[in-house]
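A look at the structure
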Amino acid sequence: MRELLIFRPLLSRAVLIGVVLACVAGCAQTVEVKSDFPDPLVETLPLKVGMRYSQQFLEYRYTEDLPDDVAWSFSIGESNRKLFDKIFTTLMEQAVEVGDGDSLDGFDAIIEPSVVALEFSLPRQSRSDQYAVWIRYMLRVLDTDGQLISELPISAYGQSDSKLLNGDDSMRQATIRAMRDAAVSIIVGFPKDAKIRQALLEMPGEETPEVPAGETAEEATDEPPEETLDGNS
């Protein structure tokens with residue numbers, strides 16, 4: 001009888017710990033992004049590109065167990081494909097998803113995106129009302145022989161006010177805004193990259209204008225143009 005009395009409190013403590021652990025696991029926050037993205041307003045580039053997506057990119061998930069908090073898990077693989085399909089089918093004359101063994105005939109370049117890192121912060125960490133998300137992408141641009149043309153690091157940021165939505169919805173909204181920020185960076189940065197311009201767009205630097213005989217270069221530069229665009233001078 002004495003042994004039973006000693007064992008019963010130990011058993012009760014073990015059951016209590018199990019219940020607490022189960023409750024903590026059940027309270028984990030999952031941020032799953034399944035958003036559609038709007039069509040960006042861009043000038044189409046005269047390129048046909050192949051989009052090569054890795055399994056890491058398509059199944060990307062990040063989980064972090066914060067001290068004195070629940071675990072946060074982010075799942076953005078499905079939205080990665082939607083986002084990059086949207087960007088490049090709009091930015092390019094044609095963008096087609098390709099696999100490792102597919103023919104690359106007729107393509108100008110191959111684009112391989114990847115997620116380098118995902119970070120986030122809670123309002124209590126930043127001492128603000130904001131949930132925040134940072135995503136770092138890497139965009140590798142290759143020629144059809146597999147030679148690297150350029151690498152574009154993309155850093156994106158999004159935040160959402162905790163007063164407007166509950167915790168998981170606010171974090172989800174911050175993640176969507178970070179992905180849209182990445183889209184803007186790609187659309188602006190891709191055609192400006194010097195290596196991409198040289199290899200794919202044939203846009204070398206502007207040539208130095210010819211200076212008329214008897215006139216210095218400074219005088220030619222200072223002379224106002226003869227014609228201007230109506231209303232835009």
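Residues numbered from 1 in each chain as written. Predicted model: local features only at pLDDT ≥ 70, side-chain atom pairs only at ≥ 80, totals over all residues. Heavy atoms only, no water.

The next point concerns the confidence of the model for the protein. Detailed reading of the predicted coordinates is not advisable wherever pLDDT falls low. Chain-level pLDDT for the protein is 80 on average; 73% of the residues reach the 70-or-more range. Confidence drops under a pLDDT of 50 for residues 3-8, and excluding neighbours within four residues, the segment shows zero contacts in the predicted structure. Below pLDDT 50 for its whole length, residues 10-26 participates in zero contacts with residues either more than four positions away or in separate chains. (pLDDT = per-residue confidence, 0-100. Contact = heavy atoms within 4.5 Å.)

Further remarks concern the pattern of salt bridges. Enumeration according to the criterion identifies eight salt bridges in this entry. The residue Glu 112 makes a salt bridge to Arg 52 at a minimum N-O spacing of 2.8 Å. Taken as a pair, Glu 112 in strand β6 (residues 109-121) and Arg 52 in the loop between β2 (45-51) and α2 (55-58) lie far apart in primary sequence, 60 residues in all. Assessed through its relative accessible area of 18%, Arg 52 is described here as buried. Glu 78 is the partner of Lys 82 in a salt bridge, and the nearest nitrogen-oxygen pair spans 3.7 Å. Residue Lys 82 and its partner Glu 78 are located together in helix α3 (residues 77-91), separated by four residues, close to a single helical turn. Salt bridges sharing partners connect three or more residues here, namely Arg 52, Asp 100, Glu 112, Arg 140 and Glu 151. (Salt bridge = Lys/Arg side-chain N within 4 Å of Asp/Glu carboxyl O. Helix = DSSP H or I, 4+ residues; strand = E, 2+ residues; numbered from the N terminus. Buried < 20%, exposed > 50% of the residue type's maximum accessible area, 1.4 Å probe, protein only.)

Summarising burial for β6: ten of the 13 residues are buried, a large majority. Sheet topology note: the β2/β6 ladder contains three bridges and is parallel. Looking at the pairing, Val 49 lines up with Ala 109 of β6. (Pairing = 2+ DSSP bridges.)

On to the packing of aromatic side chains, then. A complete count under the given rule lists ten aromatic pairs for this structure. Aromatic side chains Trp 72 and Phe 120 sit 6.2 Å apart centroid to centroid with 45° between the ring planes, which places their arrangement in the tilted category. In this pair, Trp 72 sits in strand β4 (residues 71-75) while Phe 120 sits in strand β6, placing the two residues 48 residues apart along the sequence. Of the two residues, Trp 72 and Phe 120, both sit in the buried class. (Phe/Tyr/Trp six-rings, centres within 6.5 Å; stacked < 30°, edge-to-face > 60°.)

If you walk across this open sheet you meet the three strands as β1-β4-β3, and the pairing is mixed. Pairing within the sheet leaves two strands with one partner each, and these edge strands are β1 (29-32) and β3 (61-65). Taking each pair of neighbouring strands and ignoring which way they run, the sheet shows an average axis angle of 10°. Examined bridge by bridge, β3 and β4 share five bridges and lie antiparallel to one another. Each residue of the ladder has a partner; that of Asp 65, found in β4, is Ala 71. (Axes fitted to C-alpha atoms, helices over the stretch in contact; angles between N-to-C directions.)

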